[in-house]
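# An overview of the molecular structure
Given next are the chains, with one letter for each unit.
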Protein chains: 2
Amino acid sequence: MTMQQTDGAVRPAGRPRSEKAEKAIIEAALDILGEGSGVSELSIEAIAARAGVGKTTIYRRWSNKEDLVVDALASLKPPIAPLKGESVRDDLVAYLQVVQSESSHVRTRCIMNIAMSQSDRHPRVAERFHEIAIKPRQEMLSAVLERGMANGELRADLDVPMAMAILSGTMMWRTKWADDTLPADLAEQIVDEVLRGFRPR
Amino acid sequence: MTMQQTDGAVRPAGRPRSEKAEKAIIEAALDILGEGSGVSELSIEAIAARAGVGKTTIYRRWSNKEDLVVDALASLKPPIAPLKGESVRDDLVAYLQVVQSESSHVRTRCIMNIAMSQSDRHPRVAERFHEIAIKPRQEMLSAVLERGMANGELRADLDVPMAMAILSGTMMWRTKWADDTLPADLAEQIVDEVLRGFRPR
DNA sequence: ATAATATGAAACGACACCGTTGCGTATCGA
DNA sequence: TCGATACGCAACGGTGTCGTTTCATATTAT
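Here the structure is a predicted model, which is why all the values come from computation and not from measurement.

## Considering the overall build of chain A
Secondary structure summary: chain A contains nine helices and zero strands in total. What you see in chain A, going N to C, is helices and strands ordered as α-α-α-α-α-α-α-α-α. Taking 2.2 N^0.38 as the reference for a compact globule, 201 residues should give roughly 17 Å; the C-alpha atoms of chain A span a radius of gyration of 21 Å, well beyond that estimate. Projected onto its principal axes, the C-alpha coordinates of chain A cover approximately 75 × 50 × 30 Å. Split into buried and exposed, the 201 residues of chain A put 46% on the buried side.

Here it is in structure tokens:
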């Protein structure tokens, strides 16, 4: 017994996989998806070409395209807006402002599209996306609302899931079907209108 | 001058185009789109095969796929819920119920997906869809709201576009990201919650 | 009957990807 | 140094779709 490092992963000898290549592949995949391709139009060849990588290198790591996409989405930092603090209104406005600003980034838009429109065909991708990008935000949002219910800023009998759907859905509707350009104070507008019904009576 | 039928379209002699084939083509295209294909995955070959038609017949009528898709979407009867009548609340509930029930039809879902996710890549398709499926409904909705503002059921200073975004966006959010199955009275729930903020104070 | 056009079927060459393999080179541990 | 593994690259045969063309047949007006 001359070797091993006692911890689980025994280095398998030989040249280690390039961390750089892996990053480049994922980045390239996100890049292409961000240009509007659906998952099925996303070709391994195109990813390899853009990443400056051999197809071999991709196939060695992922056995199919879905797995790659899942990992790619997983690598998206869910740049959850950092914490906030003061009034419920201000928190909601800040939250929706993040959502709105993200929706103007082409890449974010397209990835939202994928998550939304391909959930039927690629359920694993959609599921993963939901867990990474949607769920943490929903939790953040519900925390704000519940805090408001506790301290009297909001009605005590507010239906939290419904309230979340109203806030998120309204912003999504506006950003998706934007005929015109969005007003800069869209988040304020939405929150102020919606909160009318959420406040204690 | 021995012929013509004085009305604009002079029959061009020879075998006329088959109306039946045209219907079959469009139906086949919608069918495939309804199974979840995006516009770019929709192949002419597949349409021809499903329609029981030669590719020739398709290419003779449409020079490209987008034109075909545009016509296909145009053929969708916008089954605008027939008129309604009584209170604003009941009208809104009825309207949202139609939206909800449509969202459960696979075909409608997929076509919504296309309209939403491919608006960047196929602007003409999205534009046409908007005109056919979205606009008439928006007008119907805004009519209901304005009636309510006029007769005092709603606040006189209600922001109508905002109110429409809240109603439609909330329903869309719920039908899109449905973790659970949708409650049967979802439309009522949404309307009752949202109207709290829309009523005169 | 005849001319004109449409139809479905089949085949064409071209291209883009597929997933795999072989090659020479690079980078690690022993 | 040497064996092992990963790398990028290029090529393989296979498949699916493209848009076009050819063909025999069908349907219409004159």
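We are not done yet, so read on.
## Re the protein's contact with DNA strand C
Lys55 and Tyr59 of chain A together with Arg15, Thr57 and Arg60 of chain B are the nearest of the 26 residues found near DNA strand C. Of what DNA strand C places within 4 Å of the protein, 64% of the atoms are sugar or phosphate. A distance of 2.6 Å separates a phosphate oxygen of DNA strand C from a polar side-chain atom of Tyr59 of chain A. Contacts to DNA strand C include Thr56 of chain B, whose side-chain N or O atom sits 3.0 Å from a base nitrogen. Those elements that place two or more of their residues in the surface near DNA strand C are helix H2 (44–51) and helix H3 (55–61) of chain A together with helix H3 (55–61) of chain B. By residue number, the principal contributor to the surface near DNA strand C is H3 of chain B, which donates five residues.

## Some details on the nonpolar core
Ile47 and Ile58 of chain A together with Ile47 and Ile58 of chain B are the most contacted members of the largest nonpolar core, which totals 68 residues. In this structure, Ile47 of chain A is in contact with Ile25, Ala28, Ala29, Ile32, Leu42, Ile58 and Leu68 of chain A, ignoring residues within four places of it in sequence. Core analysis: the next-biggest nonpolar cluster, separate from the first, contains 51 residues, Leu186 of chain A together with Val160, Ala187 and Phe198 of chain B among them.

## Quick notes on the protein's contact with DNA strand D
Around DNA strand D, the surrounding shell holds 26 residues, and the nearest of these are Thr56, Thr57, Arg60 and Arg61 of chain A together with Tyr59 of chain B. Considering the 4 Å shell around the protein, atoms of DNA strand D inside it are sugar or phosphate in 64% of instances. In the environment of DNA strand D, a phosphate oxygen lies 2.4 Å from a nitrogen or oxygen atom belonging to the side chain of Thr57 of chain A. Interatomic distance of 3.2 Å between a side-chain N/O atom of Arg15 of chain B and a base nitrogen of DNA strand D. Looking at the surface near DNA strand D, the elements with two or more residues in it are H3 of chain A together with helix H2 (44–51) and H3 of chain B. The dominant element in the surface near DNA strand D, judged by the number of residues it contributes, is H3 of chain A, at five residues.

## Focus on the relation of the copies chain A and chain B
Taken together, a rotation about one axis and a shift along it account for how the two chain copies relate. In the superposition of chain A on chain B (RMSD 0.1 Å, axial shift 0.0 Å), the rotation amounts to 180 degrees. Expressed as a symmetry operation, the mapping of one chain copy onto the other fits a two-fold axis.

## Structural notes on the pattern of salt bridges
Summed over all chains, the structure comprises 32 salt bridges over all chains. Notably, a salt bridge pairs Glu41 of chain A with Arg121 of chain B, separated by 2.4 Å at the nearest N-O pair. Of this pair, Glu41 of chain A sits in the loop between helix H1 (19–34) and H2 while Arg121 of chain B is found in the loop between helix H6 (106–117) and helix H7 (123–151), placing the two residues in two different chains. For Glu41 of chain A, a relative accessible area of 25% puts it in the partly exposed group. Classification of Arg121 of chain B as partly exposed rests on a relative accessible area of 32%. Notably, a salt bridge pairs Asp91 of chain B with Arg147 of chain B, separated by 3.0 Å at the nearest N-O pair. On the criterion of sequence distance, the pair formed by Asp91 of chain B in helix H5 (residues 88–103) and Arg147 of chain B in helix H7 is long-range, its members being 56 residues apart. Owing to a relative accessible area of 3%, Asp91 of chain B belongs among the buried residues under this scheme. Arg147 of chain B sits in the partly exposed class, given a relative accessible area of 30%. Taken together, the shared-partner salt bridges connect Glu27, Asp31, Glu35, Arg50 and Arg107 of chain A into one network.

Rules used throughout
Residues numbered from 1 in each chain as written. Chains lettered and ligands numbered in written order. Predicted model: local features only at pLDDT ≥ 70, side-chain atom pairs only at ≥ 80, totals over all residues. Heavy atoms only, no water. Helix = DSSP H or I, 4+ residues; strand = E, 2+ residues; numbered from the N terminus. Rg over C-alpha atoms; globule rule 2.2 N^0.38 Å. Buried < 20%, exposed > 50% of the residue type's maximum accessible area, 1.4 Å probe, protein only. Near = heavy atom within 4 Å. Polar contact = N/O pair within 3.5 Å; in protein donor to acceptor, adjacent residues only side chain to side chain. Core = buried A, V, L, I, M, F, W, Y, C linked by side-chain atoms within 4.5 Å. Contact = heavy atoms within 4.5 Å. Least-squares fit on C-alpha atoms with pLDDT ≥ 70 in both. Salt bridge = Lys/Arg side-chain N within 4 Å of Asp/Glu carboxyl O.

Such coordinate-based values are descriptive only and should not be taken to indicate function.
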